[in-house]
Amino acid sequence: MSGFICPICREQLKHEEKNMKCSRGHCYDISRSGYTNLLMSQKSGNHGDDKIMVHARRDFLEKGYYNSLRDRISDTVKKYSFDGCTILDAGCGECFYTSDICSKLNAEGISAEILAIDISKNALACAKKRGAGISRAVASIFHIPVNDASCDIVVNVFAPFCRSEFLRILKKSGIYIQIIPLEEHLWELKQVVYDNPYKNIVHDYVIEGFELVKSSEIRKKITIESNDDIKNLFMMTPYYYKTSEKDFRKLNDIDSIKISTEFAVLAYRKL
């Protein structure tokens, strides 16, 4: 059986060789990249991150700049994992963090079912090389195709937040792990691009229906000595699509920069 359910009738999907199918006959092809499209809205056009953002993020992350964050996420997930647990990465992107979670758990001998969803087909296609041991599906965080109380851990890295869905799919006392940027994340990059940059607004860590059980922060300066890497960092953020071409061109002559990276890794228990 698959960890996913049919988005139409909500029956369990059975994983066959080239598709997933429910008992009522609804069938979903598995793409050549290894993911299944379970998105309720099949209107024309791409949803979520486009190829520019996906490829920029892939190329930047592969350089190791965010490895300290990656390791902290995996360590946090490992702390709450156990044999037979089900983990969902809600907004997995190219599975950079998901695949590390999978490999770290395997190295510890922890057997887990790992599910990953993202609304972007581009991101999941890019995750093909990292997909081993991970069941991937195109789906919305606001309509997650898994059963009620079926997940032990939900991970959410810089992705949209849907409290009602996370509460629905988590088991009793299940763990929700959220990663957010802090006030001065990428501050120096903003100073280059914008005439009047602003710091990120960080709200308190209280989420109704959850108890905060662990929090940690990573504040680290990284030095980037490649114009391509600097542009990729900017293009993998939402700022890119809200920035004029004139302001973006300010990065053309920057070949080296030291940038603040600031993250909070927050672990909550469902009440």
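Predicted, not measured: the structure shown is a model, and the values here were computed from it.

Calculation notes
- Residues numbered from 1 in each chain as written.
- Predicted model: local features only at pLDDT ≥ 70, side-chain atom pairs only at ≥ 80, totals over all residues.
- Heavy atoms only, no water.
- Helix = DSSP H or I, 4+ residues; strand = E, 2+ residues; numbered from the N terminus.
- Contact = heavy atoms within 4.5 Å.
- Salt bridge = Lys/Arg side-chain N within 4 Å of Asp/Glu carboxyl O.
- Buried < 20%, exposed > 50% of the residue type's maximum accessible area, 1.4 Å probe, protein only.
- Pairing = 2+ DSSP bridges.
- 1 Å grid on protein atoms, 1.4 Å probe; cavity = no way out; pocket = protein on both sides within 12 Å on 5 of 7 lines; lining within 4 Å.
- Points joined across faces, edges and corners; volume = space filled by probe spheres on them.
- Polar contact = N/O pair within 3.5 Å; in protein donor to acceptor, adjacent residues only side chain to side chain.
- Phe/Tyr/Trp six-rings, centres within 6.5 Å; stacked < 30°, edge-to-face > 60°.
- Lys NZ or Arg CZ within 6 Å of the ring centre and 35° of its normal.

Enquirer: Break down the environment of isoleucine 180 for me, citing the residues and quoting the values.
Expert: Within the secondary structure, isoleucine 180 sits in strand S9 (residues 170-181). Remark: the alpha-carbon pair of isoleucine 180 and asparagine 156, spanning 24 residues in sequence, is separated by 8.8 Å. Residues in contact with isoleucine 180, not counting those within four places in the same chain, are Phe158, Val202, Tyr205, Glu262, Phe263, Ala264 and Leu266.

Enquirer: Which residues make up the pattern of salt bridges, and what values do they have?
Expert: For the structure shown, the criterion picks out 22 salt bridges. Across the salt bridge formed by lysine 104 and aspartate 100, the nearest N and O atoms sit 2.8 Å from each other. Taken together, the positions of lysine 104 and aspartate 100, both in helix H3 (residues 96-107) and four residues apart, correspond to about one turn of that helix. Judged by its relative accessible area of 26%, lysine 104 falls in the partly exposed class. Between glutamate 217 and arginine 219 there is a salt bridge; the shortest N-O distance is 2.8 Å. With a relative accessible area of 39%, glutamate 217 lands in the partly exposed category. Sharing partners across several salt bridges, the network here consists of Arg70, Asp71, Asp100 and Lys104.

Enquirer: Provide a residue-level description of the sheet that holds strand S2 (residues 19-21), including the pertinent values.
Expert: Strands sit in the order S1-S2-S3 across an open sheet of three strands; the sheet is antiparallel. Either end of the sheet is taken by a strand with one partner, and the two such strands are strand S1 (14-15) and strand S3 (27-29). In this sheet, S3 lies alongside S2 in antiparallel orientation, the contact comprising three bridges. Each residue of the ladder has a partner; that of asparagine 19, found in S3, is aspartate 29.

Enquirer: I'd like to hear about the layout of surface pockets, residue by residue, with values.
Expert: Rolled over the atoms, a probe as big as a water molecule pinpoints where empty space is left. Taken as a whole, the second largest pocket spans an internal volume of roughly 190 Å³. Along the walls of the second largest pocket sit Lys51, His55, Arg58, Glu62, Asn122, Ala125, Cys126, Lys128, Lys129 and Arg130, which together make up its complete lining.

Enquirer: Got a sec to walk through the side chain of threonine 261? Specific residues and values, please.
Expert: Positionally, threonine 261 belongs in strand S11 (residues 257-270). Within the structure, threonine 261 has its side chain in polar contact with the backbone oxygen of lysine 220 (distance 2.7 Å). Sequence-distant contacts of threonine 261, defined by excluding residues within four places in its chain, comprise Tyr66, His185, Ile218, Arg219, Lys220 and Ile222.

Enquirer: Got a sec to walk through the packing of aromatic side chains? Specific residues and values, please.
Expert: Ring pairs (aromatic) are described by centroid distance and by the angle formed between their planes. Applying the stated rule across the entire model yields 16 aromatic pairs. Pairing phenylalanine 60 with tyrosine 66 gives two aromatic rings, centres 5.4 Å apart and planes at 85°, and the pair type is edge-to-face. When sorted by exposure, phenylalanine 60 lands in the same class as tyrosine 66, which is buried. Put simply, the rings of Tyr194, Phe234, Tyr239, Tyr240, Tyr241 and Phe248 pair up and form one aromatic cluster. Cation over ring: lysine 190 sits above tyrosine 198, and NZ or CZ is 5.0 Å from the ring centre. For lysine 199, the ring lying beneath its charged end belongs to tryptophan 187, and the centroid distance is 5.5 Å.

Bear in mind that shape data such as this cannot, by itself, settle questions of function.
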